[in-house]
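Take a look at the letters that make up each chain.
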Amino acid sequence: MKKILLSLLLIVSSIGFVSAEGVSFKASAPNSVGAGQAFQLVYTVNETGKDFRLPSLNGFEVLAGPYTSTSSSTTIINGKITSSKEIRYTYTIQANSQGTFTIPSASIVVDGQKYNSNALTIKVLPEDKAAAASQGGGGSSGRGQGTSSAGNATSADRLFVRAIISRTKVMEQEAILVTYKLYSKEDIVGFEDVKLPDFKDFMVQEIELPKERGLQRESYNGSQYLTYEIYKGVLFPQHAGTLAIDRFKCVVDVRVRVQRQSRSFFDSFFESYQDVQKELSTTKTDIIVTPLPKPKPADFSGIVGSLQMSKNVSATEVKSNQPITIKLTLTGSGNMKILNAPELNFPMDFETYEPKVTNNFKTSANGQSGTKIIEYLVIPRHNGEFTIPSASLSYFDVNSNTYKTLQTGDMNFKILKGEGEEEESGGAVLNAREQEKVEMLAKDIHYLNTGSPNIRKPESFIVNTPFYWLSFVVMLIVTALLVILFRKQAADNANVALMKNRKANKMARKRLKIADREWRAGNREVFYDEVLKALWGYVSDKLSMPVADLNKENISASLAQRGVSEEMTVRFVELLNECEFQRYAPVGDVKTAMDKTYREAIDVISELDNQIRK
């Protein structure tokens, strides 16, 4: 017996005992309730206490309580025993009037120390008029507001979805907030087959909703509903006119009480429920989009909202072959993803590199806002004084309804002579040498001896031969051809649209090289941004249309006019949709999807270049 007791003692001591650490005292209640609605206010503490004090409940009436309940649990994990205890103080209270009320902290004493709970803020909604009228008329059925028969589960006033659109009259590229919200008085089990509109005339930026969001109580048209946000996004209309937002659709699983005829006395004590599917949809909404005033500035960025620009230059006086960093910061609100950097005209003596662009955008209920930072790295190769002319960027200010222009301002640099560099001035190397004096020999001019037999007669010169006149004719023809050629080249250079058309493929492949670098670095969002820039920039140059005026519809029509097949047009539009989808909601292996998109972009641009008529 002694050996058995000693063994048990050793086992217990080796297991150990761990209890909950720290005292937790919390209050909980619904965030929103209806006026006249009873609900529970619960205080939870994890240790036995005394002298529990309820705060003053101004705006609420205590109907019952407190009811005290205690629960405890013990777990053994890897030889360690963990115990927990929970003591609950429950009150049933009722809100008397509409408004927002605060319940102060309660207090309790545990082991001689006083602890305070958290305070609560509760929004009291207007009284549910429909429920009050039903109860007053004695026509309520079932067990209350939350129950219904299977037939009533499809009632439009008990279960529906709303499209909440912030504005229906806006300007081009002005943000519109769209929210799809479910309203229910039923027991919702789940969602199926949620179908968003395609938003074909809009650029869409989805707002990420909290994953742990739950049902919220809301008053609508005099009735109280439990609501759930299904989708929220910001839309930017791409052109003027009356644009339609198609219907939103979803299927909701509803659990309802089934009323059936009682076949025995005991059937009345039991209730039967079943899950019913209800297809919900919103109505079509028209958005009236007003065109931006004309003429648009040549440097219009496409931003409708607000924009500020700041500049930072690392140094204005350096030695040649030393780097200079120029950083432009663009901060504002609007469709920031289409914002392009202002073009700086660097001197020929400056070696330039591809600028580094950093985007920090946030999409919220107020639209899209954030910062774009562009860093230019340049290296002056010769000494002298240089100026980078001021560059401009325009946007449409929604507050003043006018175009506003931002200027970088002239940037002046003094470049000093670097080590091992020949003396320079203004970027042109001076190879001047001291001139040598010329000595006068005898006389300045000597007479020619015309009597010498070695001097040929005039008729023996080439001037009097047919070859001389033929050479004149050849030179005139060559000169005329060169004039015609140079004039055509000058006309082509003056034709900006033609030059963009010729360089479209080259610029697209340059942008795809940047996308390839981001793909190898694993930067998914930057990769898809660069591919989209390459695709939009390519068709912009090929079709001679500004990027801000492009959308999927006019691209399809313009490509068809230029001789592109319908199949090729569909491939191009599907590639745009794939990039936008993968950028915000990637599916499958991200690396494989990026590689597939990159190869498809190269193939589509090459094929379009072959099909588009010059």
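As the structure is a computational prediction, the values presented were derived from the model and not from experiment.

Calculation criteria
Residues numbered from 1 in each chain as written. Predicted model: local features only at pLDDT ≥ 70, side-chain atom pairs only at ≥ 80, totals over all residues. Heavy atoms only, no water. Helix = DSSP H or I, 4+ residues; strand = E, 2+ residues; numbered from the N terminus. Buried < 20%, exposed > 50% of the residue type's maximum accessible area, 1.4 Å probe, protein only. Contact = heavy atoms within 4.5 Å. Areas by Shrake-Rupley, 256 points an atom, 1.4 Å probe, with all protein chains shown as cover. Core = buried A, V, L, I, M, F, W, Y, C linked by side-chain atoms within 4.5 Å. Salt bridge = Lys/Arg side-chain N within 4 Å of Asp/Glu carboxyl O. Axes fitted to C-alpha atoms, helices over the stretch in contact; angles between N-to-C directions. Parallel < 35°, antiparallel > 145°, perpendicular 65-115°, else oblique. Left-handed = near helix turned anticlockwise from the far one by under 90°. Phe/Tyr/Trp six-rings, centres within 6.5 Å; stacked < 30°, edge-to-face > 60°. Lys NZ or Arg CZ within 6 Å of the ring centre and 35° of its normal.

### A word on the overall build of the chain
A tally of regular secondary structure across the chain gives eight helices and 34 strands. Classification of the 614 residues of the chain by burial places 36% in the buried group. Expressed as a percentage of contacts within the chain between residues at least 6 apart in sequence, the contacts between residues at least 24 apart total 72%. With an accessible surface of roughly 37300 Å², the chain has 52% of that area assigned to carbon and sulfur atoms.

### Observations regarding the nonpolar core
Counting 33 residues, the largest nonpolar core has Ile 326, Leu 344, Phe 346, Ile 388 and Phe 413 as its most contacted members. Elements with a contribution of two residues or more to this core: β18 (223-237), β23 (300-313), β25 (324-333), β28 (367-380), β29 (384-388), β30 (392-397) and β32 (411-416). At four residues, β25 tops the list of elements feeding residues into this core. Those residues within four positions of Phe 413 in sequence are excluded, and the remaining contacts are Val 313, Ala 315, Thr 316, Ile 324, Ile 326, Phe 350, Gly 384, Glu 385, Phe 386 and Ile 388.

### Notes on the pattern of salt bridges
Scanning the model with the defined rule gives 15 salt bridges in all. Across the salt bridge formed by Asp 275 and Arg 255, the nearest N and O atoms sit 2.8 Å from each other. Of the two residues, Asp 275 sits in strand β21 (residues 272-281) while Arg 255 sits in strand β20 (residues 249-258), which places them 20 residues apart along the sequence. Judged by its relative accessible area of 37%, Arg 255 is partly exposed. Across the salt bridge formed by Glu 525 and Lys 337, the nearest N and O atoms sit 3.1 Å from each other.

### Things to note about the side chain of Thr 227
Mapped onto the secondary structure, Thr 227 falls in strand β18. If we skip the residues at most four places from it in the chain, Thr 227 touches Lys 181, Leu 182, Tyr 183, Gly 214, Leu 215, Gln 216 and Glu 218.

### Thoughts on the packing of helix α5 (residues 524-543) against helix α6 (residues 552-561)
Contact pair α5 / α6: the axes reach a minimum separation of 11 Å and the direction vectors enclose 50°. Between α5 and α6, the angle is such that the two are oblique. As α5 packs across α6, the resulting crossing turns out to be left-handed. On the side of α5, the interface is formed by Trp 536, Val 539 and Leu 543, while α6 contributes Lys 552, Ile 555, Ser 558 and Leu 559.

### Brief notes about unusual backbone geometry
The residue after Lys 294, namely Pro 295, is reached through a cis peptide bond having omega 0°. In this structure, Asn 321 is a non-glycine residue whose phi angle is positive, near 70°. Secondary-structure assignment places Asn 321 in the loop between β24 (317-319) and β25. When its relative accessible area of 41% is taken as the criterion, Asn 321 is described as partly exposed. Phi is positive for Asn 401, which is not a glycine, with a value near 55°. Mapped onto the fold, Asn 401 is located in the loop between β30 and β31 (402-407).

### Describing the packing of aromatic side chains
How two aromatic rings sit relative to each other is set out by the distance from centre to centre and by the angle between their planes. Per the counting criterion, the structure on display carries 19 aromatic pairs. Ring geometry for Phe 60 versus Phe 101: centroids 5.6 Å apart, planes at 70°, classification edge-to-face. On the criterion of sequence distance, the pair formed by Phe 60 in strand β6 (residues 60-77) and Phe 101 in strand β8 (residues 99-103) is long-range, its members being 41 residues apart. Here Phe 60 matches Phe 101 in class, with each residue buried. Ring centres of Phe 396 and Tyr 403 lie 5.2 Å apart, and the angle between their planes is 75°; this geometry places the pair in the edge-to-face category. Relative accessible area serves as the criterion here: at 1%, Phe 396 is assigned to the buried category. An aromatic cluster is defined as three or more aromatic residues linked by ring pairs; in this entry it consists of Phe 25, Tyr 43, Phe 52, Tyr 89 and Tyr 91. The ring of Tyr 225 is capped by Lys 185, whose NZ or CZ atom sits 5.0 Å from the centre of that ring.

Read these as geometric descriptors, not functional statements.
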